[in-house]
Amino acid sequence: MITAHEFEAARPGLTALAFRLLGSLHDAEDAVQGAWIKSATAQAGDLYNPAAWLTTVLTRVCLDQLRLRHRRREEPLPAELIGAEQLAADEHYLRRESVSRALMVVLGVLSPSQRVAYVLHDLFDVPFQEIARTLDISADSAKQHASRARKRIAGVAPATDIECGDEAIVTAFLDAAAGGDFGRMIDLMTDDCVRIVDAALVPPGTPTTVTGASEIARETTSFADRIRASTALVVGGRLVHVIAPGGHPFAIIDVGTRTGQVTRISISRNPENWNSIALPPQT
């Protein structure tokens, strides 16, 4: 039997794994607790390596959840449908553990087997033989799942086909917005810059279209927390910034530039494009 001391020593690593598999700290902690309960019925011969045994059992618990979501055709929940307490917990964990916000968003579009194979092998260095036993498939099949996941995460378009715009200017503007740097934002925008936002993303009475650098900068400072929770991703073949608190997609910020200044800022839900999401090309 696994001792409480052995379990507590393994808990942080198990939670880290489950969070990346399930995308929710609450679900991850439940899965870890489920693995601990199952350890009470483990045979002595299974426990020559308690940490490895717990990892396998935990992964199977997570896999069952992922497959259930898949059978129900459940899409990853957008941020607005997640309770504020859970969203805050996920955001806190993501920041504390330096989890890639972009990767958490993209993992949500993988199949259950692809997600398990990729997370276990590429993020946690679990050998394919062990992954194969967990998925009840061959090692070659496990490798194929991981390979498909990598291709899906990277997207199908070559880097040269991705519309990037002036990313340095976009990044500088969003950094200024996240820090509430009013003057810097104005400097980076044209005088006639336009901000367009979906009405559902802003409080009632907020204009959906705002024109003018000063007006946009003044309004943007009210949403600095959302911008701080954004990350660069490719959506529909275009490099944009996705607001994703806790790794849960909320909205897309698409910034247009011309001659070194921001000319247009569009903020939309754009849910029809979530399945085309991919990590940006590495530079």
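Residues numbered from 1 in each chain as written. Predicted model: local features only at pLDDT ≥ 70, side-chain atom pairs only at ≥ 80, totals over all residues. Heavy atoms only, no water.

In the nomenclature of an unreviewed UniProt entry, the protein is known as Putative RNA polymerase ECF-type sigma factor of Gordonia effusa NBRC 100432. Of the protein, the UniProt comment under Sequence similarities (unreviewed entry) reads exactly: "Belongs to the sigma-70 factor family. ECF subfamily." On record in UniProt, under Subunit (unreviewed entry), the comment for the protein is "Interacts transiently with the RNA polymerase catalytic core formed by RpoA, RpoB, RpoC and RpoZ (2 alpha, 1 beta, 1 beta' and 1 omega subunit) to form the RNA polymerase holoenzyme that can initiate transcription." (UniProt positions renumbered as here; feature names shortened; annotations may be inferred.)

Q: Looking at this structure, how should I read the packing of aromatic side chains?
A: Each aromatic ring pair is described using two quantities: the centre-to-centre distance and the angle formed by the ring planes. Inspection of the entire model under this criterion finds 2 aromatic pairs. Judged by centre distance (4.8 Å) and plane angle (55°), the rings of F19 and Y93 are tilted. Of this pair, F19 sits in helix α1 (residues 4-22) while Y93 sits in helix α4 (residues 84-96), and the two are 74 residues apart along the sequence. For F19, a relative accessible area of 0% puts it in the buried group. (Phe/Tyr/Trp six-rings, centres within 6.5 Å; stacked < 30°, edge-to-face > 60°. Helix = DSSP H or I, 4+ residues; strand = E, 2+ residues; numbered from the N terminus. Buried < 20%, exposed > 50% of the residue type's maximum accessible area, 1.4 Å probe, protein only.)

Q: Quick question: what am I supposed to make of helix α8 (residues 139-154) here?
A: Structurally, the α-helix is built with 3.6 residues per turn, so residues lying three or four positions apart point the same way. Between its first and last C-alpha atoms α8 spans 23 Å; for 16 residues at 1.5 Å apiece the expected length is 22 Å, and the two agree. Of all the positions in α8, only A139, A142, H145, A146, A149 and I153 are classed as buried. In a view along the axis of α8, the buried residues occupy a sector of 115°, so they form one face of it. For α8, the exposed residues set more than 90 degrees away from the buried face come down to D140 and K151. (Expected span 1.5 Å × (residues − 1). Arc of directions from axis to C-beta.)

Q: Honestly, helix α6 (residues 112-124) in this entry has me stumped. Any pointers?
A: Over its 13 residues, α6 runs 17 Å from end to end, which matches the ideal 18 Å to within 8%, given 1.5 Å per residue. What α6 keeps buried is the set P112, S113, Q114, R115, V116, A117, Y118, V119 and L120. Where the residues of α6 are buried, they touch α1, α3 (50-71), α5 (101-107), α7 (128-135) and α8. Of the residues trailing α6, D125 is marked for its positive phi of about 55°. (Contact = heavy atoms within 4.5 Å.)

Q: Which parts of the structure should I look at to understand unusual backbone geometry?
A: When glycine is set aside, most residues are seen to have a negative phi, and most peptide bonds are trans. Look at S98: it is not a glycine, yet its phi comes out positive at around 55°. By the secondary structure assignment, S98 is in the loop between α4 and α5. For T259, which is not glycine, the phi dihedral falls at a positive 50°. Tracing the sequence through the fold places T259 in the loop between β5 (251-258) and β6 (261-268).

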